[in-house]
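Fold and geometry: a report
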Amino acid sequence: MTTPQDPYSNPPGWTDPYSDLTNISGDDPLPPMEPPTTPPAQPPGSPLLTGLIIGLLLVALSVAVFQLLKNDDGATAVGTTTTTADGTETTTTDGDPTTTTSDDSSTTTTPPSADPYPPVEPPIPVEKQKMITDGMRINDNDIPDIVFGTDAETAIGRLVASFGDATADNGWQVSTGAFGVCAGDLERVVIFGTYAAVVTKPGGQEIYNGYRQDLTYAEDITHEAAKLETLSGLRVGDTVEQLQEIYSGETVSFSVDPKLGSVYLIEGSTSGNLLLWGPVQGENPSDRIIGIYAPDVCNR
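A full pass over the atoms with the stated rule returns seven salt bridges. Note that Lys-130 and Glu-229 form a salt bridge whose closest N and O atoms lie 2.8 Å from each other. Taken as a pair, Lys-130 in strand β4 (residues 129-132) and Glu-229 in strand β12 (residues 229-230) lie far apart in primary sequence, 99 residues in all. Each member of the pair, Lys-130 as well as Glu-229, carries the same accessibility label: buried. Between Asp-145 and Arg-137 there is a salt bridge, with the nearest N and O atoms lying 3.2 Å from each other. Three or more residues joined by partner-sharing salt bridges are found here, namely Lys-130, Glu-229 and Arg-235.

Below is the structure:
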């Protein structure tokens, strides 16, 4: 082996520091390198977190689509609402009708039309017609009594045949309570001189359901109906003294009605039930009976 020569003229004793290195001219193999290391894998993601992120994305997408459809071209749907007499509301939006029912009790009902009642023969003489608590007693074996609940066409038709055409007919209207029908119910009052026949329509059926005989209903008190009397014989125009004599077996009392003023009441002495009542001039024996009324429809 030859002694290495110092190409740089180093002092004696110099040694080549690279003499022990492997020849890297290409003849010797390369020294082994450090084994490669695999980078640590990323920890698995949380399923809950991933689901939450996806859910938020879906919500955001849904809101965006909803706003896009709602504000399409910046237009707002305009609805048209129609309310019928029975409280039903129909709302139409872009041709799509939606029907709802309103609970508004103030909704008014249009009263039905009222055709005149035709006469029902035969005519009944006024002396055979007697006012009673529940209608009209007919003193004729061939003609039934006209009691409350009789269909109006028959009951009013008999009155038309007996007294002629009605002197007044208010047609169907919503009651205010003036004729004893409960306020808000349908009523029809057909007047013959001094006699007002009250017709109601429960369940859609027209029935004779009350009466009021009153001197103030007729300008001409010579009308045939003014001769009507009760079964016991009381007529409008009679005095308080006559009233008390005729109904001496019953309880007669006096009171004040907020609408009519002084009124009398005839009640059964045993039952205590109201039989008849009506307006009166006062309580003095000479005061006159102005009206004879059946018990009100609303209080029966």
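Ile-156, Tyr-195 and Tyr-208 are the most contacted members of the largest nonpolar core, which has 37 residues in total. Among the secondary structure elements, those contributing two or more residues to this core are β5 (135-138), α2 (152-163), β9 (186-192), β10 (195-200), β11 (207-214), α3 (240-246) and β14 (261-267). Other than its neighbours up to four places away in sequence, Tyr-195 contacts Met-131, Met-136, Leu-159, Val-190, Tyr-208, Tyr-211, Arg-212, Gln-213, Ala-225 and Leu-228. Counting seven residues, the second-largest nonpolar core is a separate cluster that includes Val-181, Val-189, Ala-196 and Val-297.

Moving on to the side chain of Asp-296. For Asp-296, the location among the structural elements is in the segment after β16 (291-293). Its relative accessible area of 16% is what places Asp-296 among the buried residues. In this structure Asp-296 touches Gly-180, Arg-212 and Trp-277, once residues within four positions along its chain are discounted.

With that settled, consider unusual backbone geometry. Phi is mostly negative for residues that are not glycine, and the peptide bonds are mostly trans. Following Glu-121, the chain continues to Pro-122 via a peptide bond in cis, the omega torsion being 5°. Summarising the element assignment, Pro-122 is placed in the loop between β3 (96-101) and β4.

What follows concerns the sheet that holds β12. Paired through backbone hydrogen bonds, the strands of a sheet run either parallel or antiparallel to each other. Spatial ordering of the open sheet is given by β6-β5-β4-β12, a layout of four strands whose pairing is mixed. Among the strands making up the open sheet, the edge pair consists of β6 (146-147) and β12. Alignment of β4 against β12, held across two bridges, turns out to be parallel. Bridge pairing in β12 links Lys-130 to Glu-229.

By the element assignment, Ile-156 lies in helix α2. Once residues within four sequence positions are removed from consideration, Ile-156 is found in contact with Tyr-117, Val-190, Phe-192, Ala-197, Val-199 and Tyr-208.

Bringing the packing of aromatic side chains into the picture now. Centre distance and the angle of the planes are the two values used to describe a pair of aromatic rings. The final tally for this structure, using the stated rule, is six aromatic pairs. With a centroid separation of 5.4 Å and 65° between ring planes, the pair formed by Phe-148 and Tyr-208 is classed as edge-to-face. With Phe-148 in the loop between β6 and α2 and Tyr-208 in strand β11, this residue pair connects regions lying 60 residues apart in the sequence. Pair check on accessibility: Phe-148 and Tyr-208 agree, each one buried. Between Phe-163 and Phe-192, the ring centres sit 6.3 Å apart and the planes meet at 45°, which makes this aromatic pair tilted. Here Phe-163, found in helix α2, pairs with Phe-192, found in strand β9; they are 29 residues apart in sequence, far enough to count as distant. Accessibility classification places Phe-163 together with Phe-192 in one group, the buried group.

Moving on to the pairing of strand β13 (residues 251-257). Of the pairings in the sheet, the one linking β13 to β14 comprises seven bridges and is antiparallel in character. Across the sheet, residue Ser-255 finds its bridge partner in β14, namely Val-263.

Here we take up the environment of Arg-288. The topology assignment puts Arg-288 in the loop between β15 (274-279) and β16. Residue class for Arg-288 comes out partly exposed when judged on its relative accessible area of 40%. Placed 45 residues apart in sequence, Arg-288 and Leu-243 show a C-alpha to C-alpha distance of 9.3 Å.

About the thresholds
Residues numbered from 1 in each chain as written. Predicted model: local features only at pLDDT ≥ 70, side-chain atom pairs only at ≥ 80, totals over all residues. Heavy atoms only, no water. Salt bridge = Lys/Arg side-chain N within 4 Å of Asp/Glu carboxyl O. Helix = DSSP H or I, 4+ residues; strand = E, 2+ residues; numbered from the N terminus. Buried < 20%, exposed > 50% of the residue type's maximum accessible area, 1.4 Å probe, protein only. Core = buried A, V, L, I, M, F, W, Y, C linked by side-chain atoms within 4.5 Å. Contact = heavy atoms within 4.5 Å. Pairing = 2+ DSSP bridges. Phe/Tyr/Trp six-rings, centres within 6.5 Å; stacked < 30°, edge-to-face > 60°.

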